[in-house]
Structure formats: structure tokens, C-alpha cells
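Given next are the chains, with one letter for each unit.
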Amino acid sequence: MGTSNLVDSLGFPPMENVEEVSISKTMAIIACTSMSILYVAILYSPTLILRLPNPSTLNSFMIRRFICAAVSSVVSIFLCAFLLIPMGKWGLSSLFGLYGIRADHMWNAVVYPLCLTSLLYIGSFFTMLLSPKKSRKEDNENADLFWCLKNFIWGFLEGMTSLTSNVLAWRNYVVAPLTEEVVFRACMIPLLLCGGLKPYTIIFFSPIFFSLAHLNHFLELYFQQNYTFLKASLIVGLQLGYTVLFGSYASFLYIRTGHLIAPVVAHVICNIMGLPMLSSQRKGLSIAATVAGFLGFIWFLFPATNSSLYNYRTDNCLCWHGYCTLS
């Protein structure tokens, strides 16, 4: 079904009556590249441009970076809106719709990506369940499941309470997921769609911008922490490979669901769990659980992101302006 027929069938204004916003592919790519560079460069602006002294504590260092990431996100939001929404039509509804900030079907956009992403960590959960309980005093083997459940809940509550005092927890579970998904998904994907790129091209192409924002880690490892060139390259290479895979998955979630919260939830889960765990004292069982989880992830990837679960959001530029969604 073409875009015009889709608009008509849903009862929205016909294409000829809609002020369509279109940008060139080159402009979209330049804008996305600029956002990537800004997201990294602004982190160093306090010392290199503003000539502020280096922070004396970890908390002050991270808070300064939080402010820089927030400024970068706001600049990207306005740049995207300037390119895609006519000035006279700026408003909360149009801006929120452009960035995938929607109240409808919010529960689906949280639960399905959460369950889908968790399948990738079945092996890690299984390894945690079977790991030796060094701190457990009870000898009753029947208490294993209860012990694991109790400690899982306790660990989750400790992690949540750490947000009040642990600045690194704020970075990993709040600031990084929100700012990175806003810039690299909510701002860049509508630009690339309106630039004429196909959805699956964007899914595999846009993570390049996401990876560019992590190249500064090499400079920090090599120049500030005095790692060897080879060791810094291996560490950053692994990080880039992981960010490319995750970036593709997050872009897939955003395009398929039309909800910003979907990739944010996946981002938080991945930051909490890290890389899937394969090694344990019961390696065979752990690998089997990991393979089963991965196969389950592949099996449910498309059904769990079917557009009918998320208000029929479709993957083209016009629909990202709100003309192809059911109210």
C-alpha cells in the first residue's frame, strides 16, 4: 500500500493537502554527522573552549558531562525540528510526535522491548541462578530458587537506591540512555527517513553515527590513561562492534514501534547487563541457555515489534509527522 492510499484509508488529509517537508539525502547525512560530532566535542568544550579548570572530583566531572550531553541533545532537537517542521507549525504535539514521545500504547512500548531484550540475557540469568551462593548460610538446597529471587530483588532495589548517590549509576541508567536515544534515534532517524533513505538502510547505516560518538574513548585510553596503541585499539574496537549491533537493534525498535521509550528501555537493560555471559562453572548449560535465548529473540523479533501493537506507526517520513497514526 502506498503512502497516499494509507493516508486516505486512515481518514487523514490527502497528500496534496498536506504540507510535506522534505530534505535532501545529503543534508540529512550532514545534519546527522554534525549531531554526532557535537555530542562528543561538547564534552571537551568546558576545558578546551571555556578554559574551565579540570574537575577535582568524579562527581563534578560527571555532572559537567551531564550538562554537556543535555545541551547537545537540546541543540539536536531544535536542529531536527528546524529542518523538518515549518516554523509556523511548531508545537508540543508536533514536536513530541516527531521524536516518538507518545502516550498511546506506552505499556506495549515498555513491556515488549523489555521482554524481547531480556531474551538475549537468558544465559546470564541462568548462570547467576546456578552460581555458588558464597554468602548464603542455609544449607538447604531447596532454598536455592528462593535465595536467588530474594537476592535479585534486593540487588534491583539497591541499584535503584544507588541513583540517589551514585553518579555512575545516573550516567549508565538515566543520562546516557536518554540523551543518546534522543540524539541518535529520535533526531537522526526522522531526518534520514525524510532524506529518502529506506528503513532497513537506516537500521544498518545509522549505527555508524552512534559509533562515531564512542571514538573519543580511544583518545582517553591512549593519551590520558597511557594504554598502548594496540590495547586501546582492541578495547575500543570491541566497544564499536557492540555499539554497531546495539545501534541497529535500537534503530529497528524505534522505526518499528514509533516510540522513543522502546529503545530507551533496551538501552537501560543492556547497560545493566553488559555483554551476554557465556562462561561459568556450568558452561555447557550456560551456553545452551544463551543459544535458546538468542533463538527466542530471533523468533519473536518481528512479532513483538509488529506495528499493530503500537498504533500502526509506519516507517516513512509523512507518517513521522503524524498523518499515518490512529488516534
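Residues numbered from 1 in each chain as written. Predicted model: local features only at pLDDT ≥ 70, side-chain atom pairs only at ≥ 80, totals over all residues. Heavy atoms only, no water.

Asker: Would you explain unusual backbone geometry in this entry?
Answerer: With a phi close to 60°, arginine 51 is a non-glycine residue in the positive phi region. Relative to the helices and strands, arginine 51 resides in the loop between helix H3 (45–48) and helix H4 (58–84). Unusually for a residue other than glycine, histidine 105 sits at a positive phi of about 60°. Within the secondary structure, histidine 105 sits in the loop between helix H5 (92–98) and helix H6 (106–118). (Helix = DSSP H or I, 4+ residues; strand = E, 2+ residues; numbered from the N terminus.)

Asker: For this particular structure, what's the right way to read the packing of helix H2 (residues 25–41) against H4?
Answerer: How two helices sit against one another is set out by the angle between their axes and by the gap between those axes. Running from amino to carboxyl end, H2 crosses H4 at an angle of 170°, the nearest separation of the two axes being 9 Å. The orientation of H2 with respect to H4, classified from their angle, is roughly antiparallel. Residue-level inspection shows Met27, Ala31, Met35, Leu38 and Tyr39 of H2 in contact with H4, the latter providing Ala69, Ser72, Val75, Ser76, Leu79, Cys80 and Leu83. Per-class residue counts for the contact of H2 with H4 are ten nonpolar, two polar and no charged. (Axes fitted to C-alpha atoms, helices over the stretch in contact; angles between N-to-C directions. Parallel < 35°, antiparallel > 145°, perpendicular 65-115°, else oblique. Contact = heavy atoms within 4.5 Å. Nonpolar A, V, L, I, M, F, W, Y, C, P; charged D, E, K, R; others polar.)

Asker: How do you make sense of the nonpolar core when you look at a structure like this?
Answerer: The tendency in soluble globular proteins is for nonpolar side chains to be buried side by side. Counting 57 residues, the largest nonpolar core has Cys80, Tyr99, Phe184, Leu191 and Tyr249 as the members making the most contacts within it. Counting residues per element, this core draws most heavily on helix H9 (residues 167–194), at 13 residues. If we ignore the near neighbours within four places in the chain, the residues touching phenylalanine 184 are Ser36, Tyr39, Ile189, Phe209, Phe210 and Ala213. (Core = buried A, V, L, I, M, F, W, Y, C linked by side-chain atoms within 4.5 Å. Buried < 20%, exposed > 50% of the residue type's maximum accessible area, 1.4 Å probe, protein only.)

Asker: Explanation requested: the pattern of salt bridges in the structure shown.
Answerer: Within the structure shown, the criterion is met by two salt bridges. Residue aspartate 104 pairs with arginine 102 through a salt bridge whose shortest N-O separation is 2.6 Å. A relative accessible area of 8% means that arginine 102 is categorised as buried. The salt bridge involving arginine 185 is made with glutamate 181; its shortest N-O contact spans 2.8 Å. A residue pair is termed a helical-turn pair when its members lie 3 or 4 positions apart in one helix, as arginine 185 and glutamate 181 do in helix H9 at four residues. (Salt bridge = Lys/Arg side-chain N within 4 Å of Asp/Glu carboxyl O.)

Asker: Even after reading the chapter, I still don't get the state of the cysteines, so can you show me in this structure?
Answerer: Note: disulfide means a covalent bond formed between the sulfur atoms of two cysteine side chains. With the rule as written, the count across this model stands at zero disulfides. Not part of a disulfide, cysteine 32 finds its nearest cysteine sulfur in cysteine 80, a span of 8.3 Å. With no disulfide partner, cysteine 80 has as its closest neighbouring cysteine sulfur the one in cysteine 187, 4.9 Å distant. Owing to a relative accessible area of 0%, cysteine 80 belongs among the buried residues under this scheme. (Disulfide = S-S within 2.5 Å.)

Asker: I keep staring at the environment of valine 71 and nothing clicks. Help me out?
Answerer: Structurally, the position occupied by valine 71 is in helix H4. Owing to a relative accessible area of 39%, valine 71 belongs among the partly exposed residues under this scheme. Expressed as a C-alpha distance, the spacing of valine 71 and threonine 179, which sit 108 residues apart in the sequence, is 9.6 Å.

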